[in-house]
Amino acid sequence: GSVSQSGVVSAKVLSEEHRTYNPVERERLIREHPQEDEDIMFFDERLCGILQPTRAFGDVALKWSSREKVLLEYVFDEPTFVPNYISPPYLSCTPDVHSAQLNPDTQFLIIATDGLWDGLSDEESVRLIHNKPAGVNSATWLMQHCLAQHNEQRLSRILSIPPGPICATLGTILLPLLYTLTHEACTVLGSLYRLLEMLKIVQTPNS
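Residues numbered from 1 in each chain as written. Predicted model: local features only at pLDDT ≥ 70, side-chain atom pairs only at ≥ 80, totals over all residues. Heavy atoms only, no water.

## Some details on the overall build of the protein chain
Move 1: A count of helices and strands for the protein chain gives nine helices and two strands.
Move 2: Along its sequence from the N terminus, the protein chain presents helices and strands in the succession β-β-α-α-α-α-α-α-α-α-α.
Move 3: Looking at the 207 residues of the protein chain, the share that counts as buried comes to 32%.
Move 4: Long-range pairs, those at least 24 residues apart, make up 62% of the contacts in the protein chain between residues at least 6 apart in sequence.
Move 5: For the protein chain, the exposed area adds up to about 13100 Å²; of that, 59% sits on carbon and sulfur atoms. (Helix = DSSP H or I, 4+ residues; strand = E, 2+ residues; numbered from the N terminus. Buried < 20%, exposed > 50% of the residue type's maximum accessible area, 1.4 Å probe, protein only. Contact = heavy atoms within 4.5 Å. Areas by Shrake-Rupley, 256 points an atom, 1.4 Å probe, with all protein chains shown as cover.)

## Regarding a nonpolar patch on the surface
Move 1: Taken together, the side chains of Leu14, Leu109 and Ile111 make up a nonpolar region of the molecular surface, amounting to roughly 340 Å² of accessible area.
Move 2: Note on placement: Ile111 falls in the loop between α3 (66–76) and α4 (114–119).
Move 3: Relative accessible area serves as the criterion here: at 75%, Ile111 is assigned to the exposed category. (Patch = residues over 30% accessible without salt bridge, like charges linked within 9 Å, V, L, I, M, F, W, Y side chains within 5 Å. Salt bridge = Lys/Arg side-chain N within 4 Å of Asp/Glu carboxyl O.)

## Let's talk about the pattern of salt bridges
Move 1: The final tally for this structure, using the stated rule, is six salt bridges.
Move 2: When the shortest N-O distance is used, the salt bridge between Arg55 and Glu25 registers 3.0 Å. With Arg55 in the loop between α2 (38–41) and α3 and Glu25 in helix α1 (residues 23–32), the pair connects residues that are 30 residues apart, well separated along the chain.
Move 3: Judged by its relative accessible area of 16%, Arg55 is buried.
Move 4: Taking relative accessible area as the criterion, Glu25 reaches 2% and is therefore assigned buried.
Move 5: Each member of the salt-bridge network shares a partner with another, and the members are Glu25, Arg28, Glu32, Arg55 and Asp96.

## Things to note about a negative patch on the surface
Move 1: Together, Glu27, Asp37, Glu38 and Asp39 make up a region of like negative charge exposed at the surface.
Move 2: Along the polypeptide, Asp39 turns up in helix α2. (Lys, Arg positive; Asp, Glu negative; His and termini not counted. Charge placed at Lys NZ, Arg CZ, Asp CG, Glu CD.)

## Some words on α1
Move 1: Those residues of α1 that sit buried are Glu25, Arg28 and Leu29. An end-on view of α1 places all buried positions within 95 degrees of arc, on one side of the element. Across α1 from its buried face, at more than 90 degrees, point the exposed residues Pro23 and Arg31.
Move 2: Tucked into the core, α1 has its buried residues touching α2.
Move 3: Where α1 begins, one side-chain oxygen reaches toward the backbone nitrogen of Val24, 3.0 Å away; that side chain belongs to Asn22. (Arc of directions from axis to C-beta. Polar contact = N/O pair within 3.5 Å; in protein donor to acceptor, adjacent residues only side chain to side chain.)

## Observations regarding the packing of aromatic side chains
Each aromatic ring pair is specified by the distance between its two centres and by the angle formed by the two planes.
Move 1: A complete count under the given rule lists zero aromatic pairs for this structure.
Move 2: One cation-aromatic arrangement involves Arg26 over Phe42; the distance from NZ or CZ to the ring centre is 4.2 Å. (Phe/Tyr/Trp six-rings, centres within 6.5 Å; stacked < 30°, edge-to-face > 60°. Lys NZ or Arg CZ within 6 Å of the ring centre and 35° of its normal.)

## As for the nonpolar core
Move 1: One finds Leu29, Met41, Phe42, Leu47, Cys48, Leu51, Ala56, Leu62, Trp64, Tyr85, Tyr90 and Leu91 forming the largest nonpolar core, which totals 12 residues.
Move 2: Among the nonpolar cores identified, the runner-up in size contains seven residues, and Leu116, Leu128, Ile129 and Leu142 belong to it. (Core = buried A, V, L, I, M, F, W, Y, C linked by side-chain atoms within 4.5 Å.)

## Description of the environment of Ser125
Move 1: The topology assignment puts Ser125 in helix α5 (residues 122–131).
Move 2: Separated by 20 residues in the primary sequence, Ser125 and His145 place their C-alpha atoms 9.0 Å from one another.
Move 3: Ser125 has contacts with Ile110, Leu116, Trp117, Leu120 and Leu142, leaving out every residue within four places of it along the chain.
Move 4: A distance of 2.9 Å separates a polar atom in the side chain of Ser125 from the backbone oxygen of Ser121.

## Quick notes on α5
Move 1: Among all positions in α5, only Ser125, Val126, Leu128 and Ile129 are buried. Angularly, the buried residues of α5 cover 160 degrees about the axis, an arc narrow enough to put them on a single face.

## Points about unusual backbone geometry
What is expected of a backbone is that most residues other than glycine have negative phi and most peptide bonds are trans.
Move 1: The omega torsion across Pro88 and Pro89 is 0 degrees, close enough to zero to call that bond cis.
Move 2: Look at Asp44: it is not a glycine, yet its phi comes out positive at around 60 degrees.
Move 3: Checked against the element boundaries, Asp44 lands in the loop between α2 and α3.
Move 4: Since its relative accessible area comes to 43%, Asp44 is described here as partly exposed.

See below:
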């Protein structure tokens, strides 16, 4: 984030969104898996129907080769279930490397997971940090405003749950709770969202 001498706040994006709806990433994956059906590889707007990010440090199940998958199934005597696992690996940990020239207007750098950008734009995030009250933790400030922006449609997209009673209930009950979390409690967010994603199994067959 930069602030000019006249007080104008601006954002400079330093990375690509490594997600399935980014055309650049989709084209890369299509080139790497030319024999695959795009509708299957990007089922439900997720890689193999599982993950929105297309590059990550973890989620090793989408990085196994076919040989490694068979070996792990043999060692652990149970299937390592990944649907549509046809021409692995799919997920990459190769980074995009960018350089940027710092200048006197440069004030701060926001490093965040993809979840933040589901609720806030680049410009919104930069303005929030620039205008936040003194003494307030920057990460907590962004998280609270991000959660406050989530409506049923956004929750539906993030959790891959169709809009309806379940999604509305999650928004009504859980978002106010998450909004009040302190910085020290932010570490539980990942586990909570994983739990919410598991709720997909309670949907009715027609949902």
